[in-house]
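Inside the fold
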Amino acid sequence: MDTISRISRMFNVSTRTLRYYEEIGLITSSRIEDYAYRVYSQEEIDKLQFILVLRKMNIGLSDIKKVLLSSDAYSLLHLMKKKLLDVENQLISLAELEQILKKIIVNIESNQIEHREFQLDSLNLIDEELMSHVMESTQLVGQKLKEKQTMKNDERKAVKQELDDVRIIHIPNFTVAASHCPDGENPEDIASERLADFIASKKLWDVKADFRVFGFNNPNPDETGEHGYEFYVTIPEDMEVEAPMLKKTFHGGLYAAYGIKMGDFHKWQYFGEWLKACEDYAYDRREPLGMEGSLEEHLNAFNYYKNKEKAFEYLDLLIPVKRINR
């Protein structure tokens, strides 16, 4: 058995990705009595390796999940045949493109082209027969790549449209109880468990039904991937906080907020790009500095902790900002 951090280093995959694979039901971890960390059995490690191999083949998670759930060799066989067909089509496209390029090169060389400016209409670079073949081809890689690029552009447009929903909000000052695990194996899970124990012991859902939960790396991952994690939960100002929790004051301020589904952490990058292009607001570095002031608010905390829901489904990504003077 191995812990999430060792598995992360072994396969060069982030712990957050591993947790996401767990959330969507691809892999499962377990607990050992009197051991603080979640562990993966050899069976789950083998399953993870299988998942990562399929991901290297550019096979989608939904297809991988279907194969794992079916436990049917024919399901895997069908998926492999489908992928093989895609690869064969690409090879045909590449072979066809190779022949077209060779013919164009021959045409260019036969015209004894020198390295100077020229008029395309004065050269027989692509003869009529070859031009017709290129235009009628449905296999050429270039066409497929163009379609892929179009899809990527469409995705960017969709992301931009989504990011048009960025809100500018003010978060007031709060008294918080902080759960911090600065290093070690799986710090986010350890900090999360301490936080859950605190909230349950105080029955915070009865004392402060509007409590909010924020999380952030503290410190951020270093070159080895080692990092810490800290959670804040808002509490009444007069509430006593016992170790290992700490009582702190969170000084809020102005934030850009963008909602995501749990697991869509790649959208942090798009969110950062949005802020760079923003004409009205600029980044305002402030405490807590674990993620340079940025936070993740876990939404609907009341239901998660009181009603013991399985997982947080949505987050707000929060970046501290200030209005640009005009």
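Residues numbered from 1 in each chain as written. Predicted model: local features only at pLDDT ≥ 70, side-chain atom pairs only at ≥ 80, totals over all residues. Heavy atoms only, no water.

**Focus on the overall build of the protein chain**
- A count of helical and extended segments in the protein chain gives 11 helices and 12 strands.
- Sequence-distant contacts, at least 24 apart, represent 69% of the contacts inside the protein chain between residues at least 6 apart.
- Carbon and sulfur atoms make up 52% of the accessible area of the protein chain, which totals about 20200 Å². (Helix = DSSP H or I, 4+ residues; strand = E, 2+ residues; numbered from the N terminus. Contact = heavy atoms within 4.5 Å. Areas by Shrake-Rupley, 256 points an atom, 1.4 Å probe, with all protein chains shown as cover.)

**A closer look at the sheet that holds strand β1 (residues 2-3)**
- Strand order across the open sheet formed by three strands is β1-β3-β2, with antiparallel pairing between neighbours. Edge positions in the sheet fall to β1 and β2 (30-31), since each of these pairs with one other strand and no more.
- With two bridges connecting them, β2 and strand β3 (residues 38-40) associate as antiparallel partners. Looking at the pairing, Arg31 lines up with Arg38 of β3. (Pairing = 2+ DSSP bridges.)

**A short note on the environment of Gly259**
- Counting through the fold element by element, Gly259 comes out in strand β9 (residues 253-261).
- Taking the relative accessible area as the measure of exposure, Gly259 reaches 37% and is therefore partly exposed.
- A sequence separation of 59 residues divides Gly259 from Leu318, and the C-alpha atoms of the two residues are 8.9 Å apart.
- Not counting residues up to four positions away in its chain, the partners in contact with Gly259 are Arg167, Leu315 and Asp316. (Buried < 20%, exposed > 50% of the residue type's maximum accessible area, 1.4 Å probe, protein only.)

**Examining the environment of Leu48**
- Mapped onto the secondary structure, Leu48 falls in helix α3 (residues 42-56).
- C-alpha of Leu48 to C-alpha of Ile7: the two residues are 41 residues apart in sequence and 9.3 Å apart in space.
- Ignoring anything within four residues of it in the chain, the contact list for Leu48 reads Ile7, Phe11, Leu18, Tyr21 and Ile27.

**What to know about the packing of aromatic side chains**
- Tallied over the entire structure, the rule returns nine aromatic pairs.
- Seen in terms of ring centroids, Phe211 and Tyr305 are 6.2 Å apart; in terms of plane orientation they differ by 55°. Their pairing is tilted. Of this pair, Phe211 sits in the loop between α9 (204-207) and β6 (213-217) while Tyr305 is found in helix α11 (residues 301-306), placing the two residues 94 residues apart along the sequence.
- The exposure class assigned to Phe211 is buried, which follows from its relative accessible area of 4%.
- On the accessibility criterion, Tyr305 (9% relative accessible area) is buried. (Phe/Tyr/Trp six-rings, centres within 6.5 Å; stacked < 30°, edge-to-face > 60°.)

**A look at the pairing of strand β12 (residues 314-323)**
- Extensive coverage of β12 is indicated by the burial of seven of its 10 residues.
- By the bridge criterion, seven bridges tie β9 to β12 in an arrangement that is antiparallel. Looking at β12, one finds that Tyr255 is bridged to Pro320.
- Strand direction decides the pairing type here: strand β10 (residues 281-283) and β12, joined by three bridges, are antiparallel. Bridging across to β12, Tyr281 finds its partner in Arg323.
- The pairing of strand β11 (residues 295-298) with β12 spans four bridges and is classified as antiparallel. Among the inter-strand pairings, Leu295 is bridged to a residue of β12, identified as Leu318.

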